[in-house]
Each structure stands twice: as C-alpha cells, then as structure tokens.
Amino acid sequence: MSGKKSFGRFFSENAVVIIFLLITVACIKPSGLSLTYIGQEMLTRLGRDSFLVLALLLPIYAGMGLNFGMTLGAMSGQIGLILAMNWNLRGVDGLIFAVLAGTPISVLMGYICGVVLNKAKGREMVTGYILAFFINGVYQFIVLYMMGVVVPIKNPAILLSRGYGIRNTLNLEGVRQSLDNLGMIHLGPFALPMATYAVIAVLCVFIVWFKRTKLGQDMRAVGYDMAVAEAAGVPVNRTRVIAIIISTVLACFGQIIFLQNMGNFATYNAHDQTSFFAIAAILVGGASVKRATIPNVFIGVILLHVLFIVSPLAGQNLFGSAMIGEYFRQFIGYGVIALSLVLYAWRNRKEIERRRESFRGGAAGAAAAPAEGVGK
Amino acid sequence: MRKLKTMVQDFGWPRIIIFFFLVALFIAAPFVRVRIDSSIGDVFNRFGQNAIFVLAMVPMIQAGCGLNFGLSIGVIAGLLGSTLSIQFGLHGIAGFLGAVVLSAPFAVLFGWLYGKLLNKVKGEEMTISMYVGFAGVMLMSIFWLILPFTSPNMVWGYAGKGLRTTITVEGYWLRVLNDFLAIRIGPNFVFPTGELLFVALCAFLMWLFMRTKTGTALTAVGSNPDYARASGISVDRMRTVSVVLSTFLGAVGICVFEQSFGFIQLYGAPLNMPFAAVAAILIGGASVNKASMLNVVVGAFLFQGLLTMTPSVINSALQTDVSEVIRIVVSNGIILYALTRKTKVAK
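Residues numbered from 1 in each chain as written. Chains lettered and ligands numbered in written order. Predicted model: local features only at pLDDT ≥ 70, side-chain atom pairs only at ≥ 80, totals over all residues. Heavy atoms only, no water.

1. Examining the overall build of chain B
Moving on, step 1. When you go through chain B residue by residue, the secondary structure sums to 13 helices and 4 strands.
Moving on, step 2. The globule rule puts the C-alpha radius of gyration for 347 residues at 20 Å, and the 20 Å found for chain B is close to it.
Moving on, step 3. C-alpha atoms of chain B, sized along the principal axes, occupy 60 × 50 × 35 Å.
Moving on, step 4. For chain B, the proportion of its 347 residues judged to be buried stands at 56%.
Moving on, step 5. Of the contacts made within chain B by residues no fewer than 6 positions apart, 76% connect residues no fewer than 24 positions apart.
Moving on, step 6. With an accessible surface of roughly 14,800 Å², chain B has 68% of that area assigned to carbon and sulfur atoms.
Moving on, step 7. Looking at chain B, you have 25 positive and 13 negative side-chain charges, and the mean spots of the two groups are 9 Å apart. (Helix = DSSP H or I, 4+ residues; strand = E, 2+ residues; numbered from the N terminus. Rg over C-alpha atoms; globule rule 2.2 N^0.38 Å. Buried < 20%, exposed > 50% of the residue type's maximum accessible area, 1.4 Å probe, protein only. Contact = heavy atoms within 4.5 Å. Areas by Shrake-Rupley, 256 points an atom, 1.4 Å probe, with all protein chains shown as cover. Lys, Arg positive; Asp, Glu negative; His and termini not counted. Charge placed at Lys NZ, Arg CZ, Asp CG, Glu CD.)

2. Considerations on helix H5 (residues 92–120) of chain B
One full turn of an α-helix is made of 3.6 residues, so residues set three or four places apart face in the same direction.
Moving on, step 1. The end-to-end C-alpha distance of H5(B) is 42 Å, a good match for the 42 Å that 29 residues give at a rise of 1.5 Å each.
Moving on, step 2. For H5(B), the principal kink sits at B:Ala104 and spans about 35°; a proline, B:Pro105, occurs within the next four residues. (Expected span 1.5 Å × (residues − 1). Bend = angle between axes of the 7 residues up to and from the residue.)

3. So, the pattern of salt bridges
Moving on, step 1. On inspection of all chains with the given rule, the structure shows 12 salt bridges over all chains.
Moving on, step 2. We note a salt bridge from A:Glu326 to A:Arg329, for which the minimum N-O separation is 3.6 Å. Of the two residues, A:Glu326 and A:Arg329 both sit in helix H15 (residues 322–359), 3 residues apart, roughly one turn of that helix.
Moving on, step 3. A:Glu326 sits in the partly exposed class, given a relative accessible area of 24%.
Moving on, step 4. Across the salt bridge formed by B:Arg229 and B:Asp226, the nearest N and O atoms sit 3.4 Å from each other. (Salt bridge = Lys/Arg side-chain N within 4 Å of Asp/Glu carboxyl O.)

4. A look at the interface of chain B and chain A
Often, the extent of an interface is quoted as the loss of accessible area on bringing the components together.
Moving on, step 1. Residue-level contacts link 42 residues of chain B with 38 residues of chain A.
Moving on, step 2. In this assembly, chain B packs against chain A so that about 3,600 Å² is buried in total across both faces, 75% of it on carbon and sulfur atoms.
Moving on, step 3. Run the count over chain B and chain A and you get 0 salt bridges.
Moving on, step 4. If you look at where chain B meets chain A, you find 1 residue pair in polar contact (both at pLDDT 80 or more).
Moving on, step 5. Element by element, the count of residues in the side of chain B that touches chain A is highest for helix H6 (residues 125–146) of chain B, at 14 residues.
Moving on, step 6. By residue class, the composition of the side of chain B that touches chain A is 27 nonpolar, 9 polar and 6 charged. (Buried area = accessible area lost by both parts, 1.4 Å probe. Polar contact = N/O pair within 3.5 Å; in protein donor to acceptor, adjacent residues only side chain to side chain. Nonpolar A, V, L, I, M, F, W, Y, C, P; charged D, E, K, R; others polar.)

5. A short note on the layout of surface pockets
Moving on, step 1. Here the second largest pocket is characterised by a volume of approximately 1,200 Å³.
Moving on, step 2. A:Phe133, B:Asn272, B:Met273, B:Phe275 and B:Arg327 are the residues nearest the centre of the second largest pocket, which is lined by 46 residues in total.
Moving on, step 3. Here the residues of the lining of the second largest pocket are counted per class, giving 26 nonpolar, 15 polar and 5 charged. (1 Å grid on protein atoms, 1.4 Å probe; cavity = no way out; pocket = protein on both sides within 12 Å on 5 of 7 lines; lining within 4 Å. Points joined across faces, edges and corners; volume = space filled by probe spheres on them.)

6. Re the state of the cysteines
Residues and elements named next belong to chain A.
Moving on, step 1. Going through the model one piece at a time under the given rule, you end up with 0 disulfides over all chains.
Moving on, step 2. Cys-113 takes part in no disulfide bond, and the closest cysteine sulfur to it belongs to Cys-252, at a distance of 14 Å.
Moving on, step 3. Taking the relative accessible area as the measure of exposure, Cys-113 reaches 0% and is therefore buried. (Disulfide = S-S within 2.5 Å.)

7. Concerning unusual backbone geometry
All names here are of chain B.
Moving on, step 1. You will see that Arg-175, though not glycine, has its phi angle at about 55°, which is positive.
Moving on, step 2. The residue Arg-175 is located in the loop between strand E1 (166–168) and strand E2 (183–185) in this model.
Moving on, step 3. For Arg-175, a relative accessible area of 28% puts it in the partly exposed group.

8. Observations concerning a nonpolar patch on the surface
Residues and elements named next belong to chain A.
Moving on, step 1. Among the surface-exposed residues, Phe-7, Phe-10, Phe-11, Ile-19 and Leu-339 lie close enough to one another that they form a single nonpolar patch of about 480 Å² accessible area.
Moving on, step 2. Here the element with the most residues in the nonpolar patch is helix H1 (residues 3–13); it accounts for 3 residues.
Moving on, step 3. In this structure, Phe-10 sits in helix H1. (Patch = residues over 30% accessible without salt bridge, like charges linked within 9 Å, V, L, I, M, F, W, Y side chains within 5 Å.)

9. Side note on the packing of aromatic side chains
Moving on, step 1. All told, the structure shown has 32 aromatic pairs over all chains when counted by the stated rule.
Moving on, step 2. Ring geometry for A:Tyr129 against B:Tyr131: centres 6.2 Å apart, planes inclined by 85°, an arrangement best described as edge-to-face. Of the two residues, A:Tyr129 is situated in helix H7 (residues 124–146) and B:Tyr131 in helix H6; the pairing between them involves two chains.
Moving on, step 3. With a centroid separation of 6.2 Å and 10° between ring planes, the pair formed by A:Tyr129 and B:Phe275 is classed as stacked. Of this pair, A:Tyr129 sits in helix H7 while B:Phe275 sits in helix H11 (residues 273–283), on two different chains.
Moving on, step 4. Classification of A:Tyr129 by relative accessible area gives buried; the value is 13%.
Moving on, step 5. These aromatic residues form a ring-pair network of at least three members: A:Phe68, A:Tyr129, A:Phe133, A:Phe276, A:Phe277, A:Phe308, A:Tyr334, B:Phe69, B:Tyr131, B:Phe134 and B:Phe275.
Moving on, step 6. When the ring centre of A:Phe308 is taken as origin, the NZ or CZ atom of A:Arg329, which lies over that ring, is 4.9 Å away. (Phe/Tyr/Trp six-rings, centres within 6.5 Å; stacked < 30°, edge-to-face > 60°. Lys NZ or Arg CZ within 6 Å of the ring centre and 35° of its normal.)

10. Re the environment of A:Val289
Residue and element names in this part refer to chain A.
Moving on, step 1. For Val-289, the location among the structural elements is in the loop between helix H13 (274–284) and helix H14 (294–319).
Moving on, step 2. Residue Val-289 is classed as buried on the basis of its relative accessible area, which comes to 8%.
Moving on, step 3. In this structure, the C-alpha to C-alpha distance between Val-289 and Arg-48, residues 241 residues apart in sequence, is 24 Å.
Moving on, step 4. Those residues in contact with Val-289, other than ones at most four positions away along the chain, are Ile-60, Gly-65, Leu-66, Met-125, Leu-341 and Tyr-344.

11. Considering empty space enclosed by the protein
Residue and element names in this part refer to chain A.
Moving on, step 1. As enumerated under the stated definition, the model contains 1 cavity of 30 Å³ or more in all.
Moving on, step 2. Computed from the structure, the largest cavity encloses a volume of approximately 40 Å³.
Moving on, step 3. In terms of residue count, H7 provides more of the lining of the largest cavity than any other element does, 3 residues in total.
Moving on, step 4. Its residues assigned to classes, the lining of the largest cavity shows 6 nonpolar, 3 polar and 1 charged.

12. Observations regarding the nonpolar core
For soluble globular proteins, nonpolar side chains are generally found buried alongside one another.
Moving on, step 1. A:Leu66, A:Ile166, A:Ile282, B:Phe69 and B:Ile281 are the most contacted members of the largest nonpolar core, which totals 226 residues.
Moving on, step 2. It is H6(B) that contributes the most residues to this core, 13 residues altogether.
Moving on, step 3. In contact with A:Ile282, other than residues within four places in its own chain, are A:Val53, A:Leu56, A:Leu57, A:Ile60, A:Leu66, A:Ala287, A:Ala292, A:Asn296 and A:Val297. (Core = buried A, V, L, I, M, F, W, Y, C linked by side-chain atoms within 4.5 Å.)

13. Digging into the pairing of strand E2 (residues 184–187) of chain A
Moving on, step 1. Bridge count between E2(A) and strand E3 (residues 190–193) of chain A: 4 bridges; the pairing is antiparallel. In the strand pairing of E3(A), A:Leu187 is matched with A:Phe190. (Pairing = 2+ DSSP bridges.)

14. Notes on the confidence of the model for chain B
Moving on, step 1. Mean pLDDT over chain B: 87, with 97% of residues reaching 70 or higher.
Moving on, step 2. Scored as a complex, the prediction yields pTM 0.86 and ipTM 0.84. (pLDDT = per-residue confidence, 0-100.)

15. A closer look at helix H2 (residues 15–31) of chain A
Residue and element names in this part refer to chain A.
Moving on, step 1. Taking 1.5 Å per residue, 17 residues should reach 24 Å; H2 reaches 24 Å between its end C-alpha atoms and fits that length.
Moving on, step 2. Taken as a whole, H2 has its buried residues at Ala-15, Val-16, Val-17, Phe-20, Thr-24, Cys-27 and Ser-31.
Moving on, step 3. Positioned one or two residues after H2, Gly-32 has a phi angle of 75°, which is positive.

16. So, the environment of A:Ala229
Moving on, step 1. Considering the arrangement of structural elements, one finds A:Ala229 in helix H11 (residues 226–231).
Moving on, step 2. Taking the C-alpha atoms as reference, A:Ala229 lies 28 Å from A:Arg360; in sequence the two are 131 residues apart.

17. As for the environment of B:Phe53
Moving on, step 1. Mapped onto the elements of the fold, B:Phe53 is located in helix H3 (residues 36–62).
Moving on, step 2. Note on B:Phe53: relative accessible area 4%, which makes it buried.

Below, the structure written as structure tokens:
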C-alpha cells in the first residue's frame, strides 16, 4: 500500500482527534493563559472526569454504542450524596456512604435501562437519550416532592423552606474534595490528587481484567455479532443488561467523584450534561461507536478540557465577547459528537459497499478487505 | 368485542390513557375553579402554534428517515427569516408572509445539506440528527451575536450590535394570523380562526403532496427502499426531498409560533423544540416509520391539551407545581414507548 494512501487512512481514522488537537492548540495562545495554569486545571479535571468517561467503555465493547443512559447512574449517585448530606456524614465516610446508598439504586436503574435498550436494538443511543430524560422526570418527582414526605429527611439545611423537597443547590461542604485531599502530592507548581488517581487506576485495571473474563469475552462476542453470539450459546440479552448495569454503577461512582471535586451541586441540573461531556470526551479521544480503549478516555478528557479551559478567554480576546467562546465550546462539544457519529456511520456504509464490490470480484475491493480486520 | 380489542391495540394503551387523563382534567377543571372556556381557547391557540412543527415530522417519517430530532435546523431558518423580516420593517400580514418567504431559501439550503448528510448515515439518522440540530443551534448562536443586524428593536441597546435573546414582534406582525376572523365568545374565549385555517391549509397541502407522484415515491422509499430502487425511484433524492420539506415546515412552524406567542426567541431556545413535536406526533398514533395527517391533528391536540391543562388543573388541585414533572414523564415516556415497539428498523 502506498505511503499516501496509508496517510489518508491514518487521517480518516483519527480525523476527530487531529481536528480537535489543531483547534485546541490554536486557542491556547489567544487565551493568554499560562501553561502552568492550564496544566494544573488539566490535572484537576483528569481526576474529576476520567471515572465518568471510563464508565462508557463496557457498553461499547458490548456493541450497544455510547451509553447515553449513564445519566441514570449519575442521578443514583446524586441521591446517594443527598442521603449522606441528610445524615451529616463528613469526609471520606460520607463518600463511602454515598457510594453504598447509590449502588443499589444504580443497579436497579441499570437493569431498567438494559431491559429497555434490549427492546430497542439498533437504536440504543437515541433510546438511551430519551430514557435519561424520562428518568430525569422521575428523579425530579422523587427529590422535589417525595423527599421530606415519603423519604424522611432530617437535616433542615438541605430541605426547601416549604418543608419538603431538596434545595436547588446543595453545598457539599462536608465531603468537598475529601477524596482529592487524601494523599494530595505537591510537585513543583502542581498539586496531584493521588487518591483519586488511584481509584481511577483501579478501575482501569478492573476493565482490563474484566475483558479477559468469560463474561468480558461474551460481551465482545455480542458486540461483534449478536446472531453469531446467540448461536454460540452466549445469552445475548443477559450479557447486554450486565454491560449496562456495570456502566450505570460506574457512572454512579463517577458522579460522586465528580461532585466531591466540584464541592456543590445543582440538585436538579447537575446530571443534565453528564453524558454529553463524557461522550464528547471519549469521542474526542478517538473512540468510535464500536471501538474504544482506555487511552481514548485519557486523551479525550485532556483535549476536551483544555479546549474548555481556553475557549471562553480565547473568544474574549479574539472577538471581544466571552459569549462567543462559550457558544463555540458548546458547538464544538455537540459538533464533535455529530461528526464522529457521522464518520462512523459513513465508514460503516463504505465498508458494506466495499464488501459488496469484493463479492462481485472487484480487485480493489478484494485487496482492501483483509486489511479491514475487526480492530484490536 | 374483538373489534374493540384490535382497535385498542392499534391505538395503543399509552394514547388511550393520555386521552382519558385529558378528559378527566377537563371534567375536574370546574371543581378546582379553572375556567373551562379560557382553557379550551388556550388549547386551540396552542394547537395552532405547534401543529406545523408536528406536521413537519410527517415527510421524514414517511420517507424512512425516522423522527426528525434535528427540526431545530428548520427552526433556525425560520428565525433567520423572521429577524430579516423585522430588519426590513415589514408589517402586518406582509411581515408574516415576508418572514416565511425570507426563510425559505435558508430552509431549502440547510435542509438540502442536512438531507445529504443523513443520506450518508442511513440507519443512524435519529441520534445524528439530534446532535446536528444541537450543533446547528450553537453555531447559529455565534452568528446571532455577529450578524450585522441594525434594527434598534432587535439589537442590544447599549452595545448596538448582537441580537437580543427575545425580540418582540409587537408592532410588526403580532397575532396577524390569530386575529384574522377570530371569533370571540364572552370575555375569556377566543377562537383563533386564522391560525387554525393556516394550519388546515398546510395540512391539506401536505395531504395533497403525499398523493402526488413524488409523495407516493417518498412513501415507497420509506416502506421498502429496495423495492423502490427496483422500480426506478432514486432513494437518496426522495429522502433529500423529505428532509428539505420537513426543514421548511420547521421554518414556517416557528413563524406561526412567533406571531401567536409574540416573541422571537433566539440562542438556545430552539434546542428542545424538536422533542415536543416528536412527542406530539407519537401521541397522535404515529410510529417511527408511519405517520398520517390524522396522527398530526390528534397528536398536537392531545399533547397541547395536556400541556395546557395539567399546570392549571393539577396545580390548583394539589397546590403544588408537579405539572412540569408530569410533562417530562409523559412526553418522554411516549417517545420511549414508540422507540421500543417491535418495528422493522429502517435501513
């Protein structure tokens, strides 16, 4: 294969990462921010967001696409935190309690999500997206109307003055950055939240290990071809539900880590953007709907967040309006998701056409087909 | 009995539940001191405001492109048309028609590009259209800030540039359709004749279009693309036509909405508009790949009825503001229901 062609292929396979890298680098200078500042922000955000983004991996392995239903896990984590606040639990204890309380809820949510997605095979992503909206309604109902009435809430500081329902903004002072500060290392100008990184590292090890288990192999088989997996005796629906449950539980943990870093949260909106940021990040990192790796996650988190740090200021300095930078970053976030979905779907169709060509005996198709292995 | 059973099955339980819920709301209204005449007037008005968005779903569903979650692309075109109409100082019915006419070229251009894109991603249209819509709204937000509009009614007063987030159409073409032949009964009930006539006209034109040669070809592409290709129909072309049409109707829809609502809402406002239209047509009995005029009318009426009646009745009855939650659960529940039906996934 000629050099030009392989370069073209490299570009088309990594188009999203390359375009994104160029935009980000171009924005750094006009933003006027120092590299030290950007570096520190990046390290903080790496700890804050990586866990949530890692939660997306398993459903991708299982061929269910990007799990827009991860928002369900985020909401479960928030309920866990609300309960921890209610009992005034502080520090890491509070976080552990939130995890313990959030886990059963997120298992249930994951189960519901998995069953619903099994009924909508072939359009999991849009269904997951709408399901997140739907459960958002249920979440609001529970938190705004049931808490303090059906669910006993003792702490008046988190209740609305009318006597039931949780306040719009919760101050997580008790648990604020308790995980981050546990073993914070100062290295030159940078502060590294080692405990948070350790938790993320454990999750990465878990994912690598999980892929090698029987269940992990089943998941890959289901992701590759459901019909073949079914014929080989893999319980397809069950495997898919398990993938979603694990993803939802991880999203629950991830949201707790995210919120302890932020230090306070908007009770009714904090989860709105969770799946949007996580999915944009993993796609920016070079993942596609069918293929994602752990490096994709970290590259994505770094690139996306550097852009998010610099774009408002770059907009301010280039166009004299911070709003332009703000809209630009939202445009980039949505645009990158659209672009990678388009590239993926388009490549998929090309692939089908190429196979058809090779059936007809077209030499070009036959030559290209073997190089197009299933990846990994 | 069996006939009734199949009828119920065809119509679907969620729709029946929603229908009876709405009836119950109307019955309960007088008991919680909600005026029934003004409520009915509101329902008609909101039906007229939103029906064209719902109508815009039809061509793409019929052509097998699924639910148009990217309707905001059309809305953007309509916003461009209406802001231009105000910029040129058009008044009255000419202002409204001017907005529609000025938005048409944008709608056709955007729709054509959007349709070309969707042709490349068959099978994944719905997720992609959603994000293309979002990205389009955000990109346009940048343009609202930098486009050289000068009308003092539209730009920020102190900066002298950049469009405001809400622009009033009062003094231009506020309620030009609503007040045309409007029937006023008593102090609280107004029947927006002109608006409903306009909706009826659009629906009729769509009905006619679906019976023309192009319309039939469109439906053929949606029900069986292979068969359509075999009979010499260009599948991609028909799909593009359906997307352009849907986008244009989105543009017309927002113009109708604005003249009745009174304001042009820019920036993030169009983000969630497609979801309401999707929910409405699904409540009306459409599926992911089949929709009719009846679905549009029934759906828009039920959904808007629900949106109008739940806040007033439930809030007065329970003394809480739980209606927003009901709206979220009902509208997304119905979309979920439609997405999880066992239908053939469009290729």
